[in-house]
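The lines below spell out each chain.
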Amino acid sequence: MLLHSQILGQGQPFVILHGFLGMSDNWKTLGNQFAEQYEVHLIDQRNHGRSFHDQDHHYEVLSEDLKQYFNHHNIENAIVLGHSMGGKTAMFFACKYPELVNHLIVADISPRFYPVHHDTILAGLNSFDFDQIKSRGAADKQLAKFIPQVGVRQFLLKNLFWIEKGKLAFRMNLEALTENVSEVGEALPLHFKFDKNTLFLKGDKSEYIGAQDEAIIKRQFPKAEIKTITNAGHWLHAENPEEFYQAVINFVN
């Protein structure tokens, strides 16, 4: 089973991995910008977007999905960028297959363990009854009972699609993601190491990468730079795309 992707532009391969409950579409605007210089692969990870559904969801299988994708498209010497869960997949993949990765960019996640913190979001999504919810407006109203932030709701509701006329559904495999949510916070194995150029980007309003993470990052990614994106939280690429784009381009060029 091959991961679904959108491929834009020409040149050195530039692979982008979205975060938990996201999809490749979230990266379309930045992807088009990067595609002015690179062959950009916007990937849907398993159980997300238009990719296949499976009951297994952990970093071992996520990185093997990516290896299969690289093999299928004959990708080598790639730039790999991942956000949050996608950042962990990217780290895992780069440590296992360093010969395939030229530059690694990790957006707002550290190699360490994170406790489960998506409970409210998952409770909100699992509360949907699509026999009752017949419009995006009704879906937003239902999700607002759990999530007050409009931006977070808009991000999550991008997963909605019309499965048939008059019938909404989620693209992601909500059952598998709910069952495996604890896997998303798992730490990178301590013996994993990547000795090539690596950039960690953190949002100045995010708590995902703190001062205590710098030593952890440097131990497993000795050539890592850590840069802060201003006026941005965890979704730094969406909240300050101009600064995010410039930081990435400066690094890879």
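Treat the numbers as computed from the prediction; the structure is a model and nothing was measured.

1. What to know about the pattern of salt bridges
Part 1 of the reasoning: Taken as a whole and assessed by the stated rule, the structure comprises nine salt bridges.
Part 2 of the reasoning: In this structure, the salt-bridge partner of K96 is E60, at a minimum N-O distance of 2.5 Å. Separated by 36 residues along the polypeptide, K96 in helix α3 (residues 85-96) and E60 in helix α2 (residues 59-72) bring together distant segments of the chain.
Part 3 of the reasoning: Its relative accessible area of 28% is what places K96 among the partly exposed residues.
Part 4 of the reasoning: Since its relative accessible area comes to 35%, E60 is described here as partly exposed.

2. Let's talk about the UniProt feature "domain: AB hydrolase-1" (unreviewed entry) in the protein
Part 1 of the reasoning: The residues that UniProt annotates with the feature "domain: AB hydrolase-1" (unreviewed entry) are residues 13-109.
Part 2 of the reasoning: Helix and strand shares over residues 13-109 are 34% and 24% respectively, and the end C-alpha atoms of the span are 23 Å apart.

3. A short note on the pairing of strand β3 (residues 39-43)
Part 1 of the reasoning: Counting buried residues in β3 gives four out of five residues, a clear majority hidden from the surface.
Part 2 of the reasoning: The sheet contact formed by strand β1 (residues 5-8) and β3 spans four bridges and is antiparallel. Of the residues in β3, the one forming a bridge with L8 is V40.
Part 3 of the reasoning: Direction of pairing for strand β2 (residues 13-17) relative to β3: parallel, over a ladder of five bridges. Across the sheet, F14 pairs through a bridge with V40, a residue of β3.
Part 4 of the reasoning: This β-α-β element, β2 to helix α1 (residues 28-34) to β3, shows right-handed connectivity.

4. Quick word on helix α4 (residues 119-126)
Part 1 of the reasoning: For α4, the full list of buried residues reads I121, L122, G124 and L125. On an axial view of α4, the arc spanned by its buried residues comes to 160°, and they lie on one face.
Part 2 of the reasoning: Lining the buried residues of α4 we find α5 (136-144), α6 (150-157), β7 (167-170), α7 (174-179) and α8 (181-184).

5. Observations regarding the side chain of H237
Part 1 of the reasoning: With respect to the helices and strands, H237 occurs in helix α10 (residues 236-239).
Part 2 of the reasoning: With relative accessibility at 7%, the residue H237 sits in the buried group.

6. Here we look at unusual backbone geometry
Part 1 of the reasoning: Here L21, not a glycine, exhibits a phi torsion of approximately 70°, which is positive.
Part 2 of the reasoning: Among the secondary structure elements, L21 is positioned in the loop between β2 and α1.
Part 3 of the reasoning: With relative accessibility at 2%, the residue L21 sits in the buried group.
Part 4 of the reasoning: In this model, S84 sits at a positive phi of 55°, which is unusual for a non-glycine residue.
Part 5 of the reasoning: By relative accessible area, which is 10% here, S84 ends up buried.

7. So, the packing of α2 against α3
Part 1 of the reasoning: The interhelical angle for the contact between α2 and α3, taken along N-to-C directions, is 70°, at an axis separation of 9 Å. When the axes of α2 and α3 are compared, the pair comes out roughly perpendicular. The element α2 and its partner α3 pack so that their crossing is right-handed. Contacts between α2 and α3 involve Y59, E60, L62, S63, E64, L66, K67 and F70 from the former and M85, K88, T89, F92, F93 and K96 from the latter.
Part 2 of the reasoning: Tallied by class, residues from the contact of α2 with α3 come to seven nonpolar, two polar and five charged.

The rules behind the values
Residue positions are counted from 1 within each chain, in the order its sequence is given. pLDDT decides what is reported in this predicted model: residues at 70 or higher carry local features, side-chain atom pairs at 80 or more are listed and counted, and totals for whole chains, interfaces and linings draw on all residues regardless. The side-chain quantities take in all heavy atoms of the structure and omit both hydrogens and water. Within this document, salt bridges are pairs made up of a side-chain nitrogen of Lys or Arg and a carboxyl oxygen of Asp or Glu, the two lying within 4 Å of each other. Only DSSP runs of H or I with at least four residues qualify as helices, and only runs of E with at least two residues qualify as strands; both kinds are numbered from the N terminus onward. Each residue's exposure class comes from its accessible area (1.4 Å probe, protein chains only) as a fraction of the maximum for that residue type: buried when under 20%, exposed when over 50%, partly exposed otherwise. UniProt positions are given in the numbering used here, feature names are shortened, and annotations may be inferred rather than shown by experiment. Strand pairing follows a simple DSSP-based rule, namely that at least 2 bridges must link the two strands. Handedness rule for crossovers: strands pointing away from the viewer, path from the first strand over the helix to the second running clockwise, crossover right-handed. Note that the arc is defined by the directions from the helix axis to the C-beta atoms. In this analysis, two residues are considered to be in contact whenever any of their non-hydrogen atoms come within 4.5 Å of each other. What counts as an axis is a line fitted to C-alpha atoms, over the stretch in contact for a helix, and the angles between N-to-C directions run from 0 to 180 degrees. An angle counts as roughly parallel when it lies under 35 degrees, as roughly antiparallel when it exceeds 145, as roughly perpendicular when it falls between 65 and 115, and as oblique in every other case. Take the far helix as your reference; a near helix turned counterclockwise from it by less than a right angle gives a left-handed crossing, and one turned clockwise gives a right-handed crossing. Side-chain classes follow a simple rule in which Ala, Val, Leu, Ile, Met, Phe, Trp, Tyr, Cys and Pro form the nonpolar group, Asp, Glu, Lys and Arg form the charged group, and the remainder, Gly included, forms the polar group.

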